[in-house]
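As a plain string of letters, each chain reads:
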Amino acid sequence: MSVGRAALTVGALTALSRVAGFGRDLLIAAALGAGPVADAFFVSLKLANFLRRLFAEGAFAAAFVPLYVRLRAQGGPAAAARFAGEALSGLTLILLLVVALGELAMPWLVRVMATGFAPGSQQYALAVELGRITFPYLLLISLAALLASALQAEQRFAAAAFAPTILNLVLIAALLVTGARDDAAACVLAWGVLAAGFAQLAWLAVAAGRAGVAPRLRPPGPSPELHRLVRLIGPGLLGIGVVQLNLMVASWFATHLPAGTVSYLFYADRLVQLPLGIVGVALGTALLPALSRAVGERAGECQAINRALEAGLVLGLPAAVGLLLLAQPIVTVLFQRGAFDAADAVATAQVLAALALGLPAQVLAKVLAPGFFAREDTATPVRVAVAALLVNLVAAALLAPILGHVGIALALSLASWTNLLGLAALLGRDGRLRPDALLRRRSLVVIGAVLVMAVVALSALHVVEQPDAMSLALVIALAGVTFAALAWRAGAIDLVYWRRASRA
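Residues numbered from 1 in each chain as written. Predicted model: local features only at pLDDT ≥ 70, side-chain atom pairs only at ≥ 80, totals over all residues. Heavy atoms only, no water.

Turning next to helix α7 (residues 158–178). With 21 residues, α7 should cover 30 Å at 1.5 Å per step; its first-to-last C-alpha distance of 31 Å lies within 8% of that length. At P164, α7 shows its largest bend, some 25°. Among the residues making up α7, those that are buried are A159, A161, A163, T165, I166, L167, N168, L171, I172, A174 and L175. At the exit of α7 stands G179, carrying a positive phi of roughly 60°. (Helix = DSSP H or I, 4+ residues; strand = E, 2+ residues; numbered from the N terminus. Expected span 1.5 Å × (residues − 1). Bend = angle between axes of the 7 residues up to and from the residue. Buried < 20%, exposed > 50% of the residue type's maximum accessible area, 1.4 Å probe, protein only.)

Shown next as structure tokens:
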């Protein structure tokens, strides 16, 4: 499957997941609002997600896919399957130990994740209780991520891209069926997360079995491939861990601000994750196997990265500007109901606008990172991630006391740009990032089209004044059509190329 077709597949199914996620978040906002209970639930969820990304979807996938691809090319499907089985056994043993220790140490883990929660308070006790319910999700979703990586290496993307939708559907069903509110709703959601983990693992196990790539548990013997995987995962764990620490830094500072700040960051981040997931994650996921096969072919690597950067700009930049300019009406229309009041909407919109400033950097970084992973280089991005973390820490420490929740979001955006510029500089130094004339010309066209789109969006918003769901949708559609028409007319959107790529 080509990069274009793979990216379209992942992007379309990720879009479905994000739409379901919006439905989930609307129900969560109505049930929990943005107060102490919501903050406690989001802290418990972030803990499981932090470790999930650390053990599975980040470092593990980045190290596993290139090795799997190489073994399959050199030794055939049997060698790749044996390696996958050894990896499955090793990951299972490690995660069982981590989950057991995590359950015992949950009070201390919550203290680390939410330093502003007072020990002995109801909020702290609730966060510990919810954390113990959701923590085994780490084991389930990490094993699911291994199956997704095997499918990804075989260029089968659909099942893994749909898996997050299962989580959203399970949580939606849990809230609709129970009709719970406040503390009860938080507990229902926590148990729903655990149930969704079982469902996602089962879904991917069936998909891997049908594709003939389901690994079998086998003793993780001293094979050179497994040793190589461990060596690659080591720096990768550090790198992904540093990136995830940026989110923990935000939580640390947020828990020291008024109640609801953690929730503002969560709801705003969910909106930012829509274009990031559809564009950045989709392109990065599709690029990794393609670049793994193109290692050593410098022209092929540069060509793939340049075209992916074009797609990232065409889809990511207008999304970022749109979220920045329309933050208030978007948050108001989507979330302001039930326990989520007007003050919560204003604060969340402010965070959203600040996070939108860093969205282009996040999208493009997702495109550049596979340039390192494809060469089994998981160490180099660590240096960049550490620099970004330091920038985040310093910026948050300086801005949070002055700007509150907005300062935390601005620090995250600044860290995102630091990460992107560092990755670009290192790839450029090695000659693997060489923007061609087509990329440079199309980038200028995209920027010009975005500026016109911004004028149109602000003008339409001024006419509407207080938009409801329908009028906001019309404003967004008008702005989007304006950008697409200008970009296509000026040659920044090559429909023929992407149509051909999607069919290849």
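Here we take up the side chain of S44. Topologically, S44 is positioned in helix α2 (residues 36–57). Engagement of the side chain of S44 in a polar contact is seen with the backbone oxygen of F41, the distance being 2.6 Å. Apart from residues no more than four positions distant in its own chain, S44 is found in contact with A127, L130, G131 and T134. (Polar contact = N/O pair within 3.5 Å; in protein donor to acceptor, adjacent residues only side chain to side chain. Contact = heavy atoms within 4.5 Å.)

Counting residues in each nonpolar core, the largest one holds 115 residues, and the members touching the most others are L32, F41, F64 and Y267. Residue contributions to this core peak at 16 residues, all from helix α3 (residues 59–104). Sequence-distant contacts of F64, that is, excluding residues within four places in its chain, are made with F83, A84, A87, S149, A150 and L229. (Core = buried A, V, L, I, M, F, W, Y, C linked by side-chain atoms within 4.5 Å.)

Let's shift gears to the confidence of the model for the protein chain. On average, residues of the protein chain score 81 in pLDDT, and 84% of them reach the 70 mark or higher. Averaged pLDDT values over the elements of the protein chain bottom out at 52 in helix α20 (residues 495–503) and peak at 93 in helix α13 (residues 342–356). (pLDDT = per-residue confidence, 0-100.)

Throughout the structure, instances matching the rule amount to eight aromatic pairs. Plain terms: the ring middles of F42 and F266 are 3.9 Å apart, the flat faces sit at 15° to each other, and that makes the pair stacked. Of the two residues, F42 sits in helix α2 while F266 sits in helix α10 (residues 261–293), which places them 224 residues apart along the sequence. For F42, a relative accessible area of 0% translates into the label buried. Owing to a relative accessible area of 11%, F266 belongs among the buried residues under this scheme. Taken together, a centroid distance of 5.7 Å and an interplanar angle of 75° make the contact between F266 and Y267 edge-to-face. The pair formed by F266 and Y267 is uniform in burial state, with each residue classed as buried. A network of ring pairs unites the aromatic residues F41, F42, F266, Y267, F335 and F340 as a single cluster. (Phe/Tyr/Trp six-rings, centres within 6.5 Å; stacked < 30°, edge-to-face > 60°.)

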